[in-house]
Amino acid sequence: MTSKIKEFPGVGLRESDFAAKKVLFTEWKPNAQYAWDAGVAIGRYLAELKEGRIIGVRCNRCRRTVVPPRIFCEWCFHPMDEWVYLEDHGIVNTFSICHVRWDMERAEQPLIPAVIEIAGASKGMGILHLLGEVEPEKVKIGMKVKAVWKPAAERSGAITDIKYFKPVE
Ligand SMILES: [Zn+2]
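Residues numbered from 1 in each chain as written. Predicted model: local features only at pLDDT ≥ 70, side-chain atom pairs only at ≥ 80, totals over all residues. Heavy atoms only, no water.

> Please clarify how the environment of I54 should be interpreted in this entry.
Mapping I54 onto the fold places it in strand β1 (residues 54–59). Taking the relative accessible area as the measure of exposure, I54 reaches 1% and is therefore buried. Considering only alpha carbons, one finds I54 and E7, 47 residues apart in sequence, at a separation of 54 Å. Apart from residues no more than four positions distant in its own chain, I54 is found in contact with Y45, L49, V67, V84, Y85, L86, E87, D88, I118, W149 and I162. (Helix = DSSP H or I, 4+ residues; strand = E, 2+ residues; numbered from the N terminus. Buried < 20%, exposed > 50% of the residue type's maximum accessible area, 1.4 Å probe, protein only. Contact = heavy atoms within 4.5 Å.)

> I keep staring at the nonpolar core and nothing clicks. Help me out?
The nonpolar side chains of a soluble globular protein tend to be buried, and buried together. Ranked by size, the top nonpolar core spans 29 residues in total, and within it I54, V67, I118, L131 and F165 carry the most contacts. Contributing elements (two or more residues each) for this core: α3 (39–50), β1, β3 (82–86), β6 (106–118), β7 (126–131), β8 (144–149) and β9 (162–167). Once you skip the residues sitting within four places of it in the chain, I118 turns out to touch I54, V67, L86, E87, H89, G90, M125, G126, I127 and F165. (Core = buried A, V, L, I, M, F, W, Y, C linked by side-chain atoms within 4.5 Å.)

> Help me understand the coordination of the zinc ion in this model?
Ideal geometry at a metal centre gives angles of 109.5 degrees when four donors are arranged tetrahedrally and 90 or 180 degrees when six donors are arranged octahedrally. Within the first shell, the zinc ion binds the protein through C59 (SG), C62 (SG), C73 (SG) and C76 (SG), at distances of 2.3 to 2.4 Å. Here the donor residues of the zinc ion share one chain and are spaced in sequence as C-x2-C-x10-C-x2-C. Here C76 lies in the loop between β2 (64–66) and β3 and C59 lies in strand β1, a separation of 17 residues in the sequence. (Donors = N, O, S within 2.8 Å, 3.2 Å for Na, K, Ca; no water.)

Written out as structure tokens, the structure reads:
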């Protein structure tokens, strides 16, 4: 097995190799038509993001406020009790420093995905997003960060309506 790997070591392909037609390939565009509904909880969450607000939900039995919102509590399996507006800041729960983009190309600037514990939600409750306006070596767990929103006219009701979270001075 090892000898075959040495015999055929393989060649990494880049998007640019396809654009330059350096490799044999075929293109196919599927005629896929579908509708997708985000559901009640995530639908409201996305609608609120478009308005520049982060919303969560509360389970009064478990005394827990969670984000992103969900329609029932996964601890007690009862429907959530109420919507709760949260702050657009929080603290870094965990993070990573990525030097490779989604398409396996080297990133010019390192990307810093992080889980942000959102203020107003229960401890440990947060969302995955990117950090920005910070040097990777300066990022610390527990660091206070604030959302940097897209201008209102550019928001589309997506998690990317928040461009990234930046450190709070
Ligand atoms: Zn509960």
